[in-house]
Amino acid sequence: MQTKQRHGCLTAWLILMMIGNAATALLYLFAEPKQLPNSPIELNRTTMVLLCLLSVINLSFAVGLWYWKKWAFFGFTLTAVLMFFTNLNMGIDIASAALGLIGIVFLYLVLQIKHNGISGWDNLE
């Protein structure tokens with residue numbers, strides 16, 4: 001049985017997703033709401049804890065993709081759609097809220113890159 005291999009771009013993107021979600025989780029966990037002045041919405045402690053939890057869940061999805069689990073892609077898709085509607089509900093304009101959906105499209109496209117004739121998507125179980 002041949003070992004599954006991923007393209008370097010997919011590897012880099014997954015590593016960035018893991019680092020980014022871990023860093024975001026830590027930011028939301030330890031920062032005070034007033035320390036996020038560029039936020040278009042007013043965040044309270046409860047919201048920040050929920051966003052921290054979402055980042056941890058997304059981190060687990062990134063690890064799942066690292067281990068070739070297709071459910072992890074669908075998990076990312078679900079959290080992106082939930083965040084889209086959550087952002088709209090919090091008053092963020094539709095264009096800004098839709099930016100979160102671009103990440104799913106980009107992830108799907110990166111999964112299509114072939115390494116030795118096999119795409120990352122085809123390697124997912």
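Residues numbered from 1 in each chain as written. Predicted model: local features only at pLDDT ≥ 70, side-chain atom pairs only at ≥ 80, totals over all residues. Heavy atoms only, no water.

## Considering the overall build of the protein
At step 1: A count of helices and strands for the protein gives five helices and two strands.
At step 2: Listing the helices and strands of the protein from first to last along the sequence gives α-α-α-α-β-β-α.
At step 3: Classification of the 125 residues of the protein by burial places 35% in the buried group.
At step 4: Long-range pairs, those at least 24 residues apart, make up 58% of the contacts in the protein with a sequence separation of at least 6.
At step 5: Looking at the protein as shown, the accessible area adds up to about 7,800 Å², and 68% of this sits on carbon and sulfur atoms.
At step 6: Across the protein, the centroid of the 7 positively charged side chains sits 12 Å from that of the 5 negatively charged ones. (Helix = DSSP H or I, 4+ residues; strand = E, 2+ residues; numbered from the N terminus. Buried < 20%, exposed > 50% of the residue type's maximum accessible area, 1.4 Å probe, protein only. Contact = heavy atoms within 4.5 Å. Areas by Shrake-Rupley, 256 points an atom, 1.4 Å probe, with all protein chains shown as cover. Lys, Arg positive; Asp, Glu negative; His and termini not counted. Charge placed at Lys NZ, Arg CZ, Asp CG, Glu CD.)

## With respect to the UniProt feature "transmembrane region" (unreviewed entry) in the protein
At step 1: The feature "transmembrane region" (unreviewed entry), as given by UniProt, occupies residues 12-31, 43-64, 71-88 and 94-111 in the numbering adopted here.
At step 2: Helix makes up 100% of residues 71-88 and strand 0%, with an end-to-end C-alpha separation of 26 Å. (UniProt positions renumbered as here; feature names shortened; annotations may be inferred.)

## Overview of helix α3 (residues 70-89)
At step 1: Along its 20 residues, α3 runs 29 Å from first to last C-alpha, staying within 8% of the 28 Å computed at 1.5 Å per residue.
At step 2: What α3 keeps buried is the set Ala72, Phe73, Gly75, Phe76, Thr79, Ala80, Phe84 and Asn87.
At step 3: Where the residues of α3 are buried, they touch α1 (8-30), α2 (45-66), α4 (94-111) and α5 (120-123).
At step 4: Taken from the residues just after α3, Gly91 is the one with a positive phi, measuring 100 degrees. (Expected span 1.5 Å × (residues − 1).)

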